[in-house]
Amino acid sequence: MNAPIDLTARTLQSLRDIDGVYGSFVISATGETRARDLPPVFDDRTLADSGMRIARLWEVIAEGGAPEYALLEFAEYNLFLRRVGNGCLCVVVPAHVNVLALRLASKWVARYFEPVAHKNTFFS
Amino acid sequence: MRGVDVKDSSSTETQAPDSSAAGRAQPGFRAHLQGIGLHDLVMLQNLVRASGVFVVLSGERTGSLHFARGQLLHAETGELVGDAAALEVLSWREGEFINSERTVPERTTVVASLDALLLRLAKDVEEIRQSEPPLTTATGVRRRMEGPTGFRTTHQGLGMPSQPPPMAPGLAAAATPGVAAVAPKTPTRAGEPRGGVTNVLVAPHGALIDGNGSDAETLAAKVGYMARLTDLVGQAMGAGEVRTVRVRTPVSDLTVRCYSDGHVAASLGPVDPSADAPPPPSSPPPSSFKVS
């Protein structure tokens, strides 16, 4: 059974309450997009290409200890990563984002995805 | 390639020196200024009724503006001459403004007055600003994914070629934008040894250059791969160059700094709560030209 889409979308949208957040998406352990709340310019191909690499990166990062989060800082914007279920929550944020607030908000989002991950096949 | 004589010590080549100007000392001061807009520079020439040829370098683009008694008589860049060239050159936002020793030619190709040209540019900029949606990261990503757009459309109707003209390769070598973003300097050593902290400096090909702390080699291999994967993520998402990767675990902070030359420096140590503090918002640099 799939996750309730509306609630999933609404859960991701809650991250936008944090000043500056552009959007977010969730990928499985293999990098497939499982949920998204992003402007349309981030098309499926973009997410497919990046999802695969983010999944591999997350695997490397998690080697030797489960990280709470990772922040990838680029010239244009940043990407905040956090584990959800077997996958990864990716939040597109500006450089000046409040990381503390993002950590708390993403924790709530991760909680939503945990039961989904365990009871359903969201991340399989 | 057009012959342009630029007296610029940073230039690696000088083309077609003008014998009539050779050895003629210019009276007055020679200025080395930085952070001034091109419009201000040309208005200054107008104000002091200057005569001379000024070469404008901006990235890989080259143009020249010819003044006689403060009036802009001739302009050229690539295949453009006259008003179209003047508008094109004056739309460049940063670069170098070099007083060439070339003599002012007789020809007059710029019809519009300098004031009219600058006014038109100001209007074009304003129209573009109003017609564009606010620049969000999303639109920025889309633009980057679409690639460079070549010439802007602000000068349509003035004989703008559909393809960018070939640049003058000789002068391109001399271009040194005045206020380019300063890339952080690659360190030559890993961070200072501290208790409980592992520091590494990794070469672009992944070899450990310098390191201290426990298991520096393992950390070097890990961060080298992390940097590469992050770079690929940035490319896929149109996020630009990777700067830093920060990883927080319940007991440690890992900070990986990526340099534009491919070197990677990393530090793994106890949790640093200050790492969560947001950096101050940065404002875009103003348009500016370096004057030689």
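What you see is a predicted model, and the numbers here were worked out from it, not measured in a lab. Residue indices follow the written sequence of each chain, beginning from 1 at its first position. Chain letters and ligand numbers both follow the written order, the letters beginning at A and the numbers at 1. This being a predicted model, a pLDDT of at least 70 is required before a residue's local features are given, and a value of 80 or more before pairs of side-chain atoms are given or counted; all residues contribute to the totals for chains, interfaces and linings.

(A) Spatial organisation of the interface of chain A and chain B. Any two residues are considered in contact once their C-beta atoms, placed from the backbone, lie within 7 Å. Contact residues are listed per partner, giving 36 residues for chain A and 33 residues for chain B. By definition, any uninterrupted DSSP run of H or I lasting at least four residues is a helix, any uninterrupted run of E lasting at least two residues is a strand, and each is numbered from the N terminus. Those elements giving two or more residues to the side of chain A that touches chain B turn out to be helix 2 (44–62), strand 3 (69–74) and helix 3 (99–119) of chain A. The element contributing the most residues to the side of chain A that touches chain B is helix 2 of chain A, with nine residues. Three classes are used: nonpolar for Ala, Val, Leu, Ile, Met, Phe, Trp, Tyr, Cys and Pro, charged for Asp, Glu, Lys and Arg, and polar for all others, with Gly counted as polar. Among the residues making up the side of chain A that touches chain B, the classes are represented as 24 nonpolar, five polar and seven charged.

(B) Geometry of the environment of A:Asp37. For A:Asp37, the position within the fold is in strand 2 (residues 33–37). Residue contacts for A:Asp37: discarding those within four places in its chain leaves A:Ala9, A:Leu12, A:Gln13, A:Gly23 and A:Ser24.

(C) Focus on the nonpolar core. Grouped together as the largest cluster of nonpolar side chains are 61 residues, with contacts concentrated most on A:Leu81 and B:Val223. With nine residues, helix 6 (residues 216–237) of chain B is the largest single contributor of residues to this core. Excluding residues within four positions of it along the chain, B:Val223 makes contact with B:Val200, B:Val202, B:Val256, B:Val264 and B:Ala266. Any nonpolar core is a set of buried residues, restricted to Ala, Val, Leu, Ile, Met, Phe, Trp, Tyr and Cys, that join up through C-beta atoms within 7 Å. Field definition: a residue is buried when 20 or more other C-beta atoms are found within 10 Å of its C-beta, exposed when 12 or fewer are, and partly exposed for counts in between, with C-beta atoms placed from the backbone. The next biggest cluster of nonpolar side chains, apart from the first, holds 23 residues, and it includes B:Val55, B:Leu72, B:Ala86 and B:Leu114.

(D) Representation of the sheet that holds strand 10 (residues 252–258) of chain B within the structure. Taken in spatial order, the 10 strands line up as 2(A)-1(A)-5(A)-4(A)-3(A)-9(B)-10(B)-11(B)-7(B)-8(B) in an open sheet, and their pairing is antiparallel. Two strands bound the open sheet, and with one partner strand each, they are strand 2 of chain A together with strand 8 (208–212) of chain B. Each strand axis lies, on average, 15 degrees off the axis of its neighbour in the sheet, ignoring direction. Taken together, the four bridges between strand 3 of chain A and strand 4 (residues 78–84) of chain A define a ladder with antiparallel strand orientation. The residue of strand 4 of chain A that forms the bridge with A:Leu72 is A:Leu79. Criterion used throughout: strands pair if DSSP finds at least two bridges between them. Only the contacting stretch of a helix is used when fitting its axis, a line to C-alpha atoms as for every element, and angles between N-to-C directions run 0 to 180 degrees.

(E) Molecular detail of the pairing of strand 8 of chain B. All names here are of chain B. Here strand 7 (residues 198–202) pairs with strand 8 via four bridges, running antiparallel. Residue Val202 lies in a different strand from strand 8, and its bridge partner there is Leu208. The turn linking strand 7 back onto strand 8 is made up of five residues, and Gly206 within it adopts a positive phi angle of 100 degrees.

Function cannot be inferred from these measures alone, as they are strictly geometric.
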